[in-house]
Amino acid sequence: MRKIGLAVILLLPSLCLMANAQRLPDNAAPDGYRITLAPNFEKDNFTGDETIQIRVLKPTANLVLNALDIEFQEATISAGGRTQTAKVSVDSVKQMATLSLAKPLAAGPATVHIRYTGILNDQLRGFYLSKANGRKYAVTQFEATDARRAFPSFDEPAYKATFDVTALVDKGDTAISNGKIISDTPGPIAGKHTIQFATTPRMSSYLVALAVGDFEYVEGSADGVPIRVWATPGKKAMAHYALEVAEQCMKYFNNYFGIKYPFEKLDLIGLPDFAAGAMENTAAITFRDALLLVNEKHAPNFAYKEIGAVISHEMAHQWFGDLVTMQWWDDIWLNEGFATWMESKPLEAWKPEWHMELDDVLDSGNTLNTDSLQNTRPIHQAADSPDQIEELFDGIAYGKAAAVLRMLEAYLGPEDFRAGVNAYLRAHAYGNATESDFWSALAAASRKPVDKLMTSFVNQPGEPLVSVRSQCVDGRTKVTLSQKRYYYDRSLLDSSSAQQWIIPVCLSAGSGAAKCELLKDKEQNLDIAGCRPWVFANAGASGYYRAGYETSAFRAMSRNAEKDFSPAERIVLVRDAWAAVRAGQQPIGDFLELAEELQTDRNSSVVQQLNRELDYIGEYLVSDANRPQYQAWVRGLLQPVLKDVGWLPASNEDTNRKDLRAHVIYTLGYTARDPEVLAKA
Ligand SMILES: [Zn+2]
């Protein structure tokens, strides 16, 4: 799933008093569902007819399924040549229904048949109503625990099964589901037709999808897989960009994962009312339509990037999430972190001028900011009830997990990382896996201690501060690295001591290759040839940690920053310097000097990072008395940049220049109150 404007919700770890209270008993499991759904737009409800092939694992007279807002008309269970009518009791708090039989079922195969009605609700989850063009659409959103609102089910991700979906829809409407359409016949009553979809591979219930309405599509293909982009009438012309992205991503992922796209077709469906940003239903991805469709005449560049990233994210899930699924929701961070980490890759390959890799560095910085607060949570967190599961979809599960995976990829090397991913997917295809399965696959591919390193980042809250001290001894630079938890709050930072991580730290010192070491202890020493005025502790900019420097080293790094560091490293240098100021470890004057040193930097991502901090200083730190002086200083810094890029876009100018103009105009207007900018705005 892709969250919209992902708010970072900070929660204290939930108490585990509810442990297992909402899990299904393990006395039966599904093999296949045959489900016919008939939405009724006059009554805002639907009828369902469902047959579940199950395996009874332990003899029982009570079969428990998940169900919510379902009215049961009839339930029978057949086994061993006998069909019994079940008595159904519903527990809406536990979101379960118990089918009780007079005579217990023996272990072995059985068939459950249920006729029921449900509600086409207005809650944007389960099987719900969406509206556009003055009419209703019936669409689904099941992640995490809402398939049970559409059909009684074993609604936990580990209960994978096949699905045969059939939809009874109005004449003139169509339906889209996970399988491709295998038959479309008039009836069973006048004014209706019946659309039957192909049997799916084994998959989790939260990935089932159905969309019913008068959708239109544009069509293409990649590597032999048919791809359609669907929209409500009148919007089809805006679907071409999405189709192009999907074709690019299909080719990229087929190659990267080393497993050909595992489903028969791919549909991308733009919905007018959708709670999340998008949802990776198997082969039938749903989107908020503003995150799929683009008006190519008016859309700004960031809209293309954003839409591209959302499509890429959901398509990455088709392998990582859909083909291989977490055993339980406590590992949802691996699912979401992986897709978030992966979403940039096809776009980097397709549109290198967008510099998605720098967006990733900026995003890691945002996550570090969140993670600098005392009430942040660990990536891995137990969850049992639907509410607890819902809470797991936050900025830590997406942003921090992605940032930590980016660090891990850099540490293992892209090829070993990818080999581990491929092995993991092959080993667990059409099944479920846990984080330790993933670490084991990466460790086997790289022969490096992945599990120890990752558990230190996954199971503890917060982020490390790596402090660097160095001195010249006998022509060599002796470096001391130490670690502790970073907080914005100075008193917390001063007193933080207990937490420790295993951190892959990469050092650079002006010339020669970066030196990468695992920082395992509280303090570690190493040395570098030659006497170096500074040692930078996040070479390559992929580390998920802060680095802190001695004042003399920091000033030396600032002096030649544009030449000595890559754009990604300059972003890190700026954010680390700012973090040191925020926590009272470095005077603000040193930060402003760094800003002056970077005055000629024309990389839009570096300027974006720098301007964020300048905006913050202007908003929160400058006194009213000093404000005019600060504003004049910012104007002096940024007016030359605006002069360089000009007010109006040159014909065919690159995205860097466009973005640079936008960032500079914003800060000149907002923070520096530049009269010319304010007059033109
Ligand atoms: Zn996702």
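Here the structure is a predicted model, which means the values were calculated and not measured.

**Q** Looking at this structure, how should I read the sheet that holds strand 2 (residues 45–56)?
**A** In a beta sheet, neighbouring strands are held together by backbone hydrogen bonds and run either parallel or antiparallel to one another. Across the sheet, eight strands lie side by side as 5-4-8-2-1-11-14-13; this open sheet has mixed pairing. In the strand order of this sheet, the two ends are held by strand 5 (82–85) and strand 13 (181–186), each with one partner. Going across the sheet, the axis of each strand differs from the next one's by a mean of 15 degrees, ignoring polarity. Taken together, the four bridges between strand 4 (residues 70–79) and strand 5 define a ladder with antiparallel strand orientation. Directly across from Ile77, in strand 5, lies its bridge partner Gln84.

**Q** Can you walk me through the confidence of the model for the protein chain in this structure?
**A** Low-pLDDT stretches of the model should not have their predicted coordinates read in fine detail. The share of residues in the protein chain with pLDDT of 70 or more is 97%, and the mean pLDDT across the chain is 95. Predicted confidence for residues 6–19 stays below pLDDT 50, and this span has 26 contacts to residues more than four positions away or in other chains.

**Q** Explain the coordination of the zinc ion to me, please; I cannot follow it from the model alone.
**A** Note on metal sites: the ideal angle is 109.5 degrees for four tetrahedral donors, and 90 or 180 degrees for six octahedral donors. Looking at the metal site, the zinc ion is ligated by Met1 (N), Met1 (O), His313 (NE2), His317 (NE2) and Glu336 (OE), spaced 1.9 to 2.6 Å from it. For Met1, a relative accessible area of 3% gives the class buried.

**Q** Is there a simple way to think about the packing of helix 12 (residues 551–559) against helix 15 (residues 588–597) in this case?
**A** What describes two packed helices is the angle between their axes and the distance between those same axes. It is the contact of helix 12 with helix 15, at a shortest axis distance of 9 Å, that shows an interaxial angle of 15 degrees. Classed by the angle they form, the pair helix 12 and helix 15 counts as roughly parallel. Of the two elements, helix 12 crosses helix 15, and the hand of that crossing is right-handed. Counted together, Thr551, Phe554, Arg555, Ser558 and Arg559 of helix 12 and Asp590, Leu594 and Glu597 of helix 15 form the full contact between these two elements.

**Q** How should the nonpolar core be read in this particular structure?
**A** Burial of nonpolar side chains together is a common tendency in soluble globular proteins. Counting 218 residues, the largest nonpolar core has Leu408, Phe438 and Trp439 as the members making the most contacts within it. The leading source of residues in this core is helix 7 (residues 395–412), at twelve residues. Two domains share this core, each providing at least three of its residues, namely domain 1 (463–598) and domain 2 (602–681). Here Trp439 is in contact with Trp333, Leu334, Leu405, Leu408, Val450, Asp451, Met454 and Val458, once residues within four sequence places are set aside.

**Q** Before we go on, may I ask you to explain the sheet that holds strand 19 (residues 278–279) in this structure?
**A** Read from one edge to the other, the open sheet built from five strands follows the order 16-17-18-20-19, with strand pairing classed as mixed. If you trace the sheet from one side to the other, it starts and ends with strand 16 (216–222) and strand 19, each paired once. Sheet topology note: the strand 19/strand 20 (residues 284–288) ladder contains two bridges and is antiparallel. Residue Ala278 lies in a different strand from strand 20, and its bridge partner there is Phe287. Lying over the sheet, helix 1 (residues 240–257) contacts strand 16, strand 17 (225–231) and strand 18 (266–271), oriented at roughly 25 degrees with respect to strand 16.

**Q** Which parts of the structure should I look at to understand the state of the cysteines?
**A** As used in these notes, a disulfide is a covalent bond between sulfur atoms, one from each of two cysteines. Tallied over the full model, the rule gives two disulfides. Shown here is the disulfide that connects Cys472 with Cys531, its sulfur atoms set 1.5 Å apart. With Cys472 in strand 23 (residues 464–473) and Cys531 in the loop between strand 27 (523–529) and strand 28 (546–549), the pair connects residues that are 59 residues apart, well separated along the chain. Cysteine pairing for the protein chain, with bonded cysteines counted in sequence order: 1-4, 2-3.

**Q** Looking at this structure, how should I read the domain arrangement of the protein chain?
**A** One widely used convention gives an interface's size as the accessible area the parts lose upon coming together. Split by domain assignment, the protein chain resolves into domain 1 (463–598) and domain 2 (602–681). Between domain 1 and domain 2, the contact holds 13 residues from the first and twelve residues from the second. When domain 1 packs against domain 2, close to 1300 Å² is buried across both sides, 78% of that on carbon and sulfur atoms. Applying the counting rule to domain 1 against domain 2 returns zero salt bridges.

Cut-offs and rules
- Residues numbered from 1 in each chain as written.
- Predicted model: local features only at pLDDT ≥ 70, side-chain atom pairs only at ≥ 80, totals over all residues.
- Heavy atoms only, no water.
- Pairing = 2+ DSSP bridges.
- Helix = DSSP H or I, 4+ residues; strand = E, 2+ residues; numbered from the N terminus.
- Axes fitted to C-alpha atoms, helices over the stretch in contact; angles between N-to-C directions.
- pLDDT = per-residue confidence, 0-100.
- Contact = heavy atoms within 4.5 Å.
- Donors = N, O, S within 2.8 Å, 3.2 Å for Na, K, Ca; no water.
- Buried < 20%, exposed > 50% of the residue type's maximum accessible area, 1.4 Å probe, protein only.
- Parallel < 35°, antiparallel > 145°, perpendicular 65-115°, else oblique.
- Left-handed = near helix turned anticlockwise from the far one by under 90°.
- Core = buried A, V, L, I, M, F, W, Y, C linked by side-chain atoms within 4.5 Å.
- Domains from an automatic or database assignment.
- Disulfide = S-S within 2.5 Å.
- Buried area = accessible area lost by both parts, 1.4 Å probe.
- Salt bridge = Lys/Arg side-chain N within 4 Å of Asp/Glu carboxyl O.

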